[in-house]
Amino acid sequence: MFESLSERFEGIFDRLRSKGTLRESDVDEVLREIRLALLEADVNFVVVKSILARIREAAIGARVHEALNPAQQVIKLVNEALVEALGGESVRIQYASRPPTVVLMAGLQGSGKTTNSAKLARWFRQQGRNPLLVGADLQRPAAVEQLRTMGERVGVPVFSQPGDPVETARAGVDEARRLGRDVCIVDTAGRLAIDAELMDQVRRISQATSPDYTFLVVDAMTGQDAVTVAESFDAALALDGVILTKLDGDARGGAALSVKEVVGKPIAFASTGEKVEDFDLFHPDRLASRILGMGDVLTLIEKAEQVYEKEEAEQTAAKLLEGKFTLDDFLEQLQQVRKMGPLQNLMGMMPGMPKEMRNAEIDEGQVNRVEAIIRSMTRDERVDPTIIDGSRRLRIANGSGTQTSDVSQLLKQFREMQKLMKRMPGISGTKSARSGRGKKGKGKKGRKGGGGRVTPAGTGRTTPKQPFTLPGLD
Amino acid sequence: MEIVILLVVLAVVIVASLAYVGLRARGSTDLEPPPAPPVEAGASEVVVVEDEGQASGTVLAPPPEAPTVEGPPVEVPPVRPSFRDRLAKARGTFSGYLGSIRSRKVDAETWDELEEALIRADVGVAATQQILDQLRTMAKDESISDPEVLLERLKALLKGMLATSDRSLHHQAGGPNVWLFVGVNGVGKTTTIGKIARQQGAQGRSVVMAAGDTFRAAAAEQLAMWADRTGADIVRGSEGGDPSSVIFDAVERAAARGNDLVLGDTAGRLHTKTNLMDELRKVRRVADRDPGNVTEVLLVLDATTGQNGLVQAQQFTDAVDVTGVVLTKLDGSAKGGIALAIQATLGIPIKLVGLGETVDDLVEFDPDEFVEALFA
C-alpha cells in the first residue's frame, strides 16, 4: 500500500534514463508521483502544494545541468526541498541566563506529553543539567502518577500539587528555583485545539511560567489535522519547537513537515521508541528520507563510524574481499555490530530491506546463542569449519547449550554468507546482497540518491574498481 | 568511508541472516530448546501462578451488588443528538469548505476541490481516487451538472460505503463476555473502557475491568480511578507482569461472581512490534478460554490519525480479529476520514465514536452525521 517513492519512480525513470535530460512534461509526471507520495505520507494538502511549487521551480531551472542523470537529479531536488522544508539544521538549546530554563509541553490528548517530558528530562540530565519535572496535568486520571513513575525511572524529581493547573505550574517553577534546579519541564494536560476554555488555560499556564521553550508534542501518525493543531497552539502559545513522537512505527511522519511549514519553528526532538533512551535531537535530513521511504542510512553510518576504527575496518574489509573471512572475524564483527545498538533498530535503518525483515523481531537471545556456539569451537574449527564432523558438532552443541541442528544451521548460514561475500566486489550494485535478502532490494542503485551529501571517497586503496555501493550514497 | 559502508553492509547481511534464522527457527518448533511461556500451558497452571503472585489479582471495588438479569442485544444509550452538537462545534471552525463548488456548475475544478476535501478529511489518496472514479462514472451517465446533485450523490456513495447491518456491541448469554480494547499508544483505550463500563453498568450489566496495560507507568491507576467512578470491579496485575494472566484472572473472577462482562484493557502498542503483537494474540487466546468468551475486540483509533490508521487496522485485525472500531477524539478538528477507508477496505464497522470527555460523549456511530461532517 505504502510503496516507497523510489519504487514509484522506477517506471518513470526507466523511461527517463533513455532520454538524458528532463523535459517539462517529465518533471510534471514526476511531480504527480511526488504529490501522491507526500499525501500518502500525511503531509498536509496545502503544504504539499507549496512544496511541489518549489520543487517544480527548482527542477525546471535545473535542466541546465545536463551532466546529471535525470533520475538522480530529481530525487536530489526532492530531498533537498524536503530537508529545507523540515528546517535544515538540528536545534540548539540556549539555557536561560537566570535559571531555571522553563520548558512547557503542550499538545493533544495521547500525543505523548507525559512520557516525553520524562524523556526530555533525561536528555537534559545527560547534558549535565538538573531538571525538575512539574506535573500540571491534573485532568487525566493518574497522569501525575505516571509522571512520578517516569521521573523515578530517569532519576529526576517530580513536583505536583492538586488544585489548579496554572497555580501548580507556577509553584513548580518556584520550586525549581528554590531547589536550584536549572531546568524546569512543565507537563500539561492534553487538550483539543478547538477547546477555547482549555486553550485559554494553557495560555495562562504559559503566562504564569514564562517558558523559555514551548514545545508542541505531535504524534508522527497524525494526519491532515496536524496543520490545524499546530496553528491553534502556535496562536495561543507562540511555539518554539516541536517534539515528534511515535516515530518507531511505520508512519511516514509527514505531519512533521506540515507542522514545520505552518509554525515555522524547528522540530527539536524526536522520540523513536518506548524506552526512555529512545529520544534525541531531531535530524531533518533523516526524516526527509523517511517521508520518501528511503531508510535512514546516515544514522547507520554515523553509528558505524562510532564503533569502527578505521584501520581495523580496512583490515577486515581486506580479509573479506579476499574471501578469508573466518568465524573468528564473524564473531568479532557481530560484537562490533551489537555495539551500534539493538539489531532491531539497525535493521529499520537499512534502505531497501524487505518489510517483513525490517519489522521482524530479532531475538537477541538467538544472537547470544550464535556467539556461544562460535565460542565453543576450537581455534582450528573457527579457521576451517569444514573439519567439524558429527562428534565435534555434538561437543560444540553441548558446550554452548544448544542442539546439534543449531550448530549445523549456523555453519550452513556461514558458508552461504562466505559465498555471498566473495561475490560482493566486482558485481555492481546490491546484486550480491540481494540474493541474501530477498527480492526487494533489487535495482535500487542510483535511484535513491541521499542528496549527494555523502560521497564515497574513491581514494587509492586496495578496493576493486567497482566498490560495493550502498543505495542512496551515489 | 567506503570501508565503513562496506562493513555496515556486512553487518546488515549478518543481522539479516540472523533474523532470517530466527524467523525460521520460530516457525519450526523443534529447532529451539523451547523455554515455553508458562501461562500458555493450561488453565490450571495459570491459577497456580495467580495464587502465588500476591501482587496480581487484587479486587479493589466492592462485590457486585445485583445478580444479573440478561437482555440479549445491546443498545447504547440514546444520546444521538450530541453527535450533531459536538460536531457542530468543530464544524464551525471550517465552514464554507465546499463553498466554491456550490457556486458554479460542475467542471474540472470541482473534481479537484472534491479531491482536496476528501484528502483533507484523511480519507486517503487511494480511497479518494476510487470514490471519485465512481462518482465520475455516475456523473457522466446521468450527465450531472448541478453541484448540489453531485454532492448529494457523493454523500450517498460515502454512506453506502459505511453501510452495515450491525454496529451493536455483542453480548452472548453464558459465561462472562470479554471485550478487549486494542490500539496504538495514546488513542484513548483506558478512557473508552471507563465510559463503556459506565454505560454497560447503567444497562444493568455487572462489569469487571481488567488492567491489562501492565507496561505504561500508572496505567492501572488510571483505570482504577475509572473503576472507582463507575462502581465496576477491577482486577490488577503487577507492573511489568503478564497481561494475559491479568485478563484471565479477571475472567475467572467474573465467572466466580457471575458477572456479565469483562472489559480488558491492553497496553498501547505499535502494530510494527512483532513481539508485542504476539503478546496481544496470546491475550486474546487466553481470554477466550473457558469460562471466558471474547465477543468484541475493539480497535480504538484516534480521529487525528492519518494514513497509518489503515495499516494499524490491518495489522491488528490480522493479529486479534478486530470486530469493530472506536473512533475517539472526533470532537476536535480532525474528521477521522481514515475510519471510512478502514470500513471500506477491511469491512470493519465503526461502532462507537468519542465526542468529548464525559461518559455520555461516547455514542453509537451514525454514518449520516459522519459523512455530513466530513464536508463541514
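Residues numbered from 1 in each chain as written. Chains lettered and ligands numbered in written order. Predicted model: local features only at pLDDT ≥ 70, side-chain atom pairs only at ≥ 80, totals over all residues.

Student: Even after reading the chapter, I still don't get the overall build of chain B, so can you show me in this structure?
Tutor: Tallying secondary structure elements over chain B gives 14 helices and 9 strands in all. Within chain B, the proportion of its 376 residues that are buried is 53%. Of all intrachain contacts in chain B linking residues separated by at least 6 positions in sequence, the fraction that spans at least 24 positions is 78%. (Helix = DSSP H or I, 4+ residues; strand = E, 2+ residues; numbered from the N terminus. Buried ≥ 20, exposed ≤ 12 C-beta atoms within 10 Å, placed from the backbone. Contact = placed C-beta atoms within 7 Å.)

Student: Sorry, what's going on with the nonpolar core here?
Tutor: Note on soluble globular proteins: their nonpolar side chains tend to be buried together. Ranked by size, the top nonpolar core spans 185 residues in total, and within it Val103(A), Val186(A) and Met209(B) carry the most contacts. Tallying contributions element by element places helix α4 (residues 70-86) of chain A first for this core, with 8 residues. Discounting residues that sit within four places of it in the chain, Val186(A) has contacts with Val102(A), Val103(A), Leu104(A), Met105(A), Val134(A), Ala136(A), Ala169(A), Gly172(A), Ile205(A) and Thr209(A). (Core = buried A, V, L, I, M, F, W, Y, C linked by C-beta atoms within 7 Å.)

Student: Would you take a moment to explain unusual backbone geometry for this structure?
Tutor: Glycine aside, residues mostly have negative phi, and peptide bonds are mostly found in the trans state. Here the residue pair Pro99(A) and Pro100(A) is connected by a cis peptide bond, since its omega of 5° sits within 30 degrees of zero. Its place among the elements puts Pro100(A) in the loop between α4 and β1 (101-107). Even without being glycine, Ala142(A) reaches a positive phi, approximately 65°. By secondary structure assignment, the location of Ala142(A) is in the loop between β2 (131-136) and α6 (143-154). Under the C-beta neighbour-count criterion, Ala142(A) is labelled buried, with 23 such atoms within 10 Å. The residue Ser143(B) is not glycine, and still its phi comes out positive at about 35°. Topologically, Ser143(B) is positioned in the loop between α6 (125-141) and α7 (147-162).

Student: When you look at the domain arrangement of chain A in this model, what are you seeing that I'm missing?
Tutor: Think of interface size as the accessible area that goes away when the parts come together; that is how it is often given. Residues and elements named next belong to chain A. Domains assigned within chain A are domain 1 (5-86), domain 2 (101-284) and domain 3 (297-427). When residues of the side of domain 1 that touches domain 2 are traced back to their parent elements, those giving at least two are α3 (45-61) and α4. No other element matches α4, which puts 4 residues into the side of domain 1 that touches domain 2. Of the residues assigned to the side of domain 1 that touches domain 2, the class counts are 10 nonpolar, 1 polar and 1 charged. (Domains from an automatic or database assignment. Nonpolar A, V, L, I, M, F, W, Y, C, P; charged D, E, K, R; others polar.)

Student: What's the story with the packing of helix α7 (residues 165-179) of chain A against helix α8 (residues 196-209) of chain A in this structure? I'm lost.
Tutor: The axes of two packed helices give the description: the angle between them and the distance between them. All names here are of chain A. Between α7 and α8, the least distance of the axes is 9 Å, while the angle of their chain directions is 20°. Taken together, α7 and α8 sit at an angle that is classed as roughly parallel. As α7 runs across α8, the sense of the crossing is right-handed. Within the contact between the two elements, α7 uses Pro165, Val166, Ala169, Arg170 and Val173 and α8 uses Gln201, Arg204, Ile205, Ala208 and Thr209. Residue classes in the contact of α7 with α8 are distributed as 6 nonpolar, 2 polar and 2 charged. (Axes fitted to C-alpha atoms, helices over the stretch in contact; angles between N-to-C directions. Parallel < 35°, antiparallel > 145°, perpendicular 65-115°, else oblique. Left-handed = near helix turned anticlockwise from the far one by under 90°.)

Student: How do you make sense of the sheet that holds β2(A) when you look at a structure like this?
Tutor: The pairing of strands in a sheet happens through backbone hydrogen bonds and is either parallel or antiparallel. Residue and element names in this part refer to chain A. In space, the 8 strands of this open sheet follow the order β3-β2-β4-β1-β5-β6-β7-β8, with mixed pairing throughout. Edge positions in the open sheet fall to β3 (158-159) and β8 (279-281), since each of these has one partner strand only. Here strand β5 (residues 213-219) runs beside strand β6 (residues 241-245); their pairing, made up of 5 bridges, is parallel. Each residue of the ladder has a partner; that of Val217, found in β6, is Ile243. The strands touched by helix α5 (residues 113-126) within the sheet are β1, β2, β4 (183-188), β5, β6, β7 (267-271) and β8, with β4 carrying the most contacts at an inclination of about 170°. Across the sheet, α8 is in contact with β1, β2, β4 and β5; its angle to β1 comes to roughly 175°. (Pairing = 2+ DSSP bridges.)

Student: I keep staring at helix α8 (residues 189-202) of chain B and nothing clicks. Help me out?
Tutor: All names here are of chain B. Between its terminal C-alpha atoms α8 stretches 20 Å, which fits the 20 Å expected from 14 residues at 1.5 Å a residue. Judged by how many residues are buried, α8 sits mostly within the fold: 12 of 14 residues are covered. Among all positions of α8, only Lys189, Thr190, Thr191, Thr192, Ile193, Gly194, Lys195, Ile196, Ala197, Arg198, Gln199 and Gln200 are buried. Positive phi appears at Gly204, one or two residues downstream of α8, with a value of about 90°. (Expected span 1.5 Å × (residues − 1).)

Student: Could you clarify how one ought to interpret the environment of Asp328(A) in this entry?
Tutor: Residues and elements named next belong to chain A. Along the chain, Asp328 falls in helix α14 (residues 327-339). In this structure Asp328 comes out as partly exposed when scored by C-beta crowding, with 13 C-beta atoms within 10 Å. A sequence separation of 53 residues divides Asp328 from Glu381, and the C-alpha atoms of the two residues are 9.6 Å apart.

Student: I tried to follow helix α5 (residues 108-120) of chain B on my own but got confused; where do I start?
Tutor: Residues and elements named next belong to chain B. In a regular helix each residue adds 1.5 Å, so 13 residues correspond to 18 Å; α5 covers 19 Å between its end C-alpha atoms and thus fits that length. Listed in full, the buried residues belonging to α5 are Thr110, Leu114, Ala117, Leu118, Ile119 and Arg120. Just downstream of α5, Asp122 is the residue with a positive phi angle, here 70°.

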